[in-house]
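Here is how the chains run, residue by residue.
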Amino acid sequence: MIETAPADPSQLDAAELMSRDELEALQLTRLQHTLAYAYDRVPLYKRKFDEAGVHPTDLRELADLSKFPYTAKEDLRLEYPFGMFAVPQSEVLRIHASSGTTGRPTVVGYTRNDINIWGSLVARSMRASGVRPGMKVHNAYGYGLFTGGLGAHYGAEALGTTVIPMSGGQTEKQIQLIQDFEPDAIMCTPTYLLALMDAMAHQGIDPRSTSLKVAVCGAEPWTDEMRHELESGMDLDACDIYGLSEVMGPGVAGECVETKDGDHVWEDHFIPEIIDPMDHSTVLPGGQTGELVFTSLTKEALPVIRYRTNDLSSLLPGTARPSMRRMARISGRSDDMIILHGINLFPSQIEALALRIPALSPHFQLELTRTARLDQMTVHIEPRENTTPEDRAAAALALRAQIKSHIGVSCAVDVAEPGSLARSNGKLRRIYDNRPR
Ligand code: DLL
């Protein structure tokens, strides 16, 4: 790890330097505007507010936001494709969509102003993570309807870097270009960076010898153990970037390289809340884990009011940007939660436990099966390359015991052949549910 210096305060956006009072005053003005704007322009919001008996003028202080109804992915699906847009199509400069594993994709749109703000917030996130104007940035997030590629691209340009628009896939070509173009920074999912590192080692290239100094990774959950794996394996600083299409795309929140303690939410543009994932309504106090909810403060084409993300996190006080709250690492999405023998677990928990066992690699999959009406989970995991059969057998036992003692479930551990499990091409699929439907 190279320990990049924090950004020079004179380079920060004015909002990053505001006091909490100044920030909240700005939020209140923007929130009052957004509620009225959404109510006047999007029939769904008018209907929902009217049904809940609230009117935008009821918001006198920030705490009044809790009186307003939530919005869910389902609302966007029902209004497919453009029913949630608050501007005429002639003012929509760009459309993205999130694939969605079932049913219709969710469609999102941006005005010119939205695109500019998005670029500035990705730039802010990149700068927080150690990217500087003048650097070369290899962008391996996928270009297309996914917000990762173009979101990172516009952010890199807004920051004043030289962007290399590689997109995802074609791992060998990626490695070639990294060697030839000598980028300073890379943007991709953490599991794709791992796949690149792995492929370099297989080609006989020392992953620590490349020009890369900074990685800005997001779009899927990852742990501090994985950060350590990537940083020590590639000799760079790796920071998180968070976002989701419905709320904007990457850059809703970003991590500061000097603290590496979770992402600061860019609260001049988004208000975060944490709600109880069980009753889907109670707002939880700071520090408690629940479902993350966002309200946009400046979006024009697709304002979102109390949008439920399904992501589990908690809100913590700001550190490197003291007035903006941080979000704890996303432990997982409620859709990715495995319920085994009544216990909830996420792939990220297995990642953290596996990476503490020296003979195990970060390449793993979770398979769910059912025998005699009993659900079973098998962790298929590759060992490190230079381990003996005895090391592997001991590691399997150790992981099984760790999962039992930390998570509370019994499962099987299968130490797979090195190189046998699928590598990431972007967002990596960790769960294979082979239970009969
Ligand atoms: O993944 C946007 C993005 C692109 C973020 C590139 C960061 C970098 P969607 O495809 O709509 O958008 O997926 C959003 O991905 O609700 C989370 O479940 C997950 N996710 C995104 N960033 C993180 C992260 C993009 N840093 C969904 N940590 C979100 C954990 C993340 N999960």
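Use the structure listed above.
Residues numbered from 1 in each chain as written. Predicted model: local features only at pLDDT ≥ 70, side-chain atom pairs only at ≥ 80, totals over all residues. Heavy atoms only, no water.

Draft legend 1. Spotlight on the site of the ligand. Residues in contact with the ligand amount to 20 residues; listed here are only the nearest, Ile241, Ser245, Asp311, Arg333 and Lys427. One nitrogen or oxygen atom from the main chain of Pro221 is found 3.5 Å from a nitrogen atom belonging to the ligand. Between the ligand and Arg333 there is a distance of 2.7 Å, counted from an oxygen atom to a side-chain nitrogen or oxygen. Calculation on the ligand without its partners gives an accessible area of 610 Å², and the protein chains cover 94% of this total. At the level of secondary structure, the elements contributing two or more residues to the shell around the ligand comprise α5 (147–159) and β7 (237–244). The dominant element in the shell around the ligand, judged by the number of residues it contributes, is β7, at 5 residues. Here the residues of the shell around the ligand sort into 9 nonpolar, 6 polar and 5 charged. (Near = heavy atom within 4 Å. Polar contact = N/O pair within 3.5 Å; in protein donor to acceptor, adjacent residues only side chain to side chain. Areas by Shrake-Rupley, 256 points an atom, 1.4 Å probe, with all protein chains shown as cover. Helix = DSSP H or I, 4+ residues; strand = E, 2+ residues; numbered from the N terminus. Nonpolar A, V, L, I, M, F, W, Y, C, P; charged D, E, K, R; others polar.)

Draft legend 2. A look at the sheet that holds strand β5 (residues 185–188). In spatial order, the strands read β4-β3-β5-β6-β7-β8-β9-β14-β13; together these 9 strands make up an open sheet with mixed pairing. Where the open sheet ends on each side, the last strands, each with one partner, are β4 (162–164) and β13 (315–316). Across the sheet, helix α7 (residues 190–202) is in contact with β5 and β6 (214–218); its angle to β5 comes to roughly 120°. (Pairing = 2+ DSSP bridges. Contact = heavy atoms within 4.5 Å. Axes fitted to C-alpha atoms, helices over the stretch in contact; angles between N-to-C directions.)

Draft legend 3. Spotlight on unusual backbone geometry. The amide bond that connects Tyr80 to the next residue, Pro81, takes the cis arrangement and shows omega of -5°. Locating Pro81 in the fold gives a position in the loop between α3 (73–78) and β1 (94–98). The phi dihedral of Glu182 is positive, around 50°, even though this residue is not glycine. Within the secondary structure layout, Glu182 lies in the loop between α6 (171–181) and β5. A positive phi angle, close to 50°, is found at Arg306, a residue other than glycine. Considering the arrangement of structural elements, one finds Arg306 in the loop between β11 (290–296) and β12 (307–313). Arg306 gets classed as buried once you look at its relative accessible area, which sits at 1%. (Buried < 20%, exposed > 50% of the residue type's maximum accessible area, 1.4 Å probe, protein only.)

Draft legend 4. Layout of the sheet that holds strand β19 (residues 374–383). Read from one edge of the open sheet, 4 strands run β20-β19-β18-β21, paired in mixed fashion. Lying at the two open borders of the sheet, with one neighbouring strand each, are β20 (412–415) and β21 (431–433). Ignoring strand direction, the axes of neighbouring strands in this sheet form an average angle of 20°. Seen against the sheet, helix α10 (residues 389–406) touches β18 (360–371), β19 and β20 and runs at an angle of roughly 150° to β20.

Draft legend 5. Broad picture of α5. Along its 13 residues, α5 runs 18 Å from first to last C-alpha, staying within 8% of the 18 Å computed at 1.5 Å per residue. Along α5, the positions that sit buried rather than exposed are Thr147, Gly148, Gly149, Gly151, Ala152, His153, Gly155, Ala156 and Leu159. A positive backbone phi angle near 90° is found at Gly160, which sits one or two residues after α5. (Expected span 1.5 Å × (residues − 1).)

Draft legend 6. Representation of the environment of Asp21 within the structure. Mapped onto the fold, Asp21 is located in helix α1 (residues 20–41). On the accessibility criterion, Asp21 (61% relative accessible area) is exposed. With 302 residues separating them along the chain, Asp21 and Ser323 place their C-alpha atoms 8.5 Å apart.

Draft legend 7. Structural view of the packing of aromatic side chains. According to the stated counting rule, one finds 6 aromatic pairs in the structure shown. The interplanar angle of 40° and the centroid separation of 5.3 Å between the aromatic rings of Phe82 and Phe85 together place this pair among those described as tilted. Of the residues examined, Phe85 reaches a relative accessible area of 10% and is grouped as buried. The structure contains a cluster of three or more aromatic residues connected by ring pairs, namely Tyr39, Tyr45, Phe49 and Phe68. The ring of Tyr432 carries Arg429 above its face, with NZ or CZ at 3.9 Å from the centroid. Taking NZ or CZ as reference, Arg430 lies 3.9 Å from the ring centre of Phe364, over its face. (Phe/Tyr/Trp six-rings, centres within 6.5 Å; stacked < 30°, edge-to-face > 60°. Lys NZ or Arg CZ within 6 Å of the ring centre and 35° of its normal.)

No statement about biological role is implied by the geometric values presented.
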